[in-house]
Amino acid sequence: MYIMSTRKCKDIDKYTIDKIGIPSIILMENASNEVISNILKLKGNFIVFCGIGNNGGDGLAIARKLILQNRDVHIVVIGGLEKCSNEFSVNLNILNNLTSNISFINNENNLDEFFTNLKDYEIAIDCIFGIGLNRKLNDFYIKLINTINKNLKLK
């Protein structure tokens, strides 16, 4: 297995999109197919945490593929939709046609209360941030991640 730097990952994505001509939305489909091929064997229900960027778009594609496999999936979108990427928006629109099992969190209010309703989920998929994260987390994200870790009883 090779581990690449953030810069190298971005360069490969850019080359694939700009030079080869594979759209970003297709790259998301390919990434989600790889994840699905590795998690479908897992037993249990899923909760997928999605940021509003392309990593979140990957998570939405994963959630869609799980739903199409008749798996129990809850999607949690984190962040304001006014800042979401185009690819994220495409995947969210598709999911809105498939399920109403989507929650939205964009502030700290009632985080603990929100997560007490989600203690039954056994498998969590983290698609909040991707390789583009280049800043310290603000108080909202620190509290969110701590609340996720505190409330979910994952196997």
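Please refer to the structure higher up on the page.
Residues numbered from 1 in each chain as written. Predicted model: local features only at pLDDT ≥ 70, side-chain atom pairs only at ≥ 80, totals over all residues. Heavy atoms only, no water.

## Describing the environment of Asp-11
And step 1. Within the secondary structure, Asp-11 sits in helix H1 (residues 6–20).
And step 2. When its relative accessible area of 34% is taken as the criterion, Asp-11 is described as partly exposed.
And step 3. Distance from Asp-11 to Ile-47, taken between C-alpha atoms, is 31 Å for residues 36 residues apart in sequence. (Helix = DSSP H or I, 4+ residues; strand = E, 2+ residues; numbered from the N terminus. Buried < 20%, exposed > 50% of the residue type's maximum accessible area, 1.4 Å probe, protein only.)

## Side note on the side chain of Asn-45
And step 1. As for its placement among the helices and strands, Asn-45 is situated in the loop between helix H2 (24–39) and strand S1 (46–50).
And step 2. Note on Asn-45: relative accessible area 13%, which makes it buried.
And step 3. Within the local environment of Asn-45, its side chain forms a polar contact with the side chain of Asp-72, the two groups lying 3.5 Å apart.
And step 4. In this structure the side chain of Asn-45 is engaged in a polar contact, spanning 2.8 Å, whose partner is the backbone nitrogen of Glu-122.
And step 5. Ignoring any residue separated from it by four or fewer positions in sequence, one finds Asn-45 in contact with Asp-72, Asp-120, Tyr-121, Glu-122 and Ile-123. (Polar contact = N/O pair within 3.5 Å; in protein donor to acceptor, adjacent residues only side chain to side chain. Contact = heavy atoms within 4.5 Å.)

## Points about the packing of helix H3 (residues 54–68) against helix H4 (residues 86–98)
And step 1. The contact between H3 and H4 brings their axes to 8 Å, and the two run at 25 degrees. When the axis of H3 is compared with that of H4, the two are roughly parallel. The handedness of the crossing between H3 and H4 is left-handed. Residue-level inspection shows Asn-54, Gly-56, Gly-57, Leu-60, Ala-61, Ala-63, Arg-64, Ile-67 and Leu-68 of H3 in contact with H4, the latter providing Glu-87, Phe-88, Asn-91, Leu-92, Ile-94, Leu-95 and Leu-98.
And step 2. Tallied by class, the residues present in the contact of H3 with H4 amount to 10 nonpolar, four polar and two charged. (Axes fitted to C-alpha atoms, helices over the stretch in contact; angles between N-to-C directions. Parallel < 35°, antiparallel > 145°, perpendicular 65-115°, else oblique. Left-handed = near helix turned anticlockwise from the far one by under 90°. Nonpolar A, V, L, I, M, F, W, Y, C, P; charged D, E, K, R; others polar.)

## Points about unusual backbone geometry
And step 1. Unlike most non-glycine residues, Asn-70 shows phi in positive territory, near 60 degrees.
And step 2. A relative accessible area of 72% means that Asn-70 is categorised as exposed.

## Focus on the sheet that holds strand S3 (residues 102–105)
And step 1. Reading across from one edge, S3-S2-S1-S4 is the order of the four strands in this open sheet, with parallel pairing throughout. The open sheet has two edge strands with one neighbour each: S3 and strand S4 (123–127). Each strand axis lies, on average, 20 degrees off the axis of its neighbour in the sheet, ignoring direction.
And step 2. Note that S1 and S4 share five bridges and pair parallel. The residue bridging Val-48 from the neighbouring strand is Ile-125, located in S4.
And step 3. Contacting S1, strand S2 (73–78) and S3, helix H6 (residues 139–151) crosses the sheet at an angle of about 160 degrees to S2. (Pairing = 2+ DSSP bridges.)

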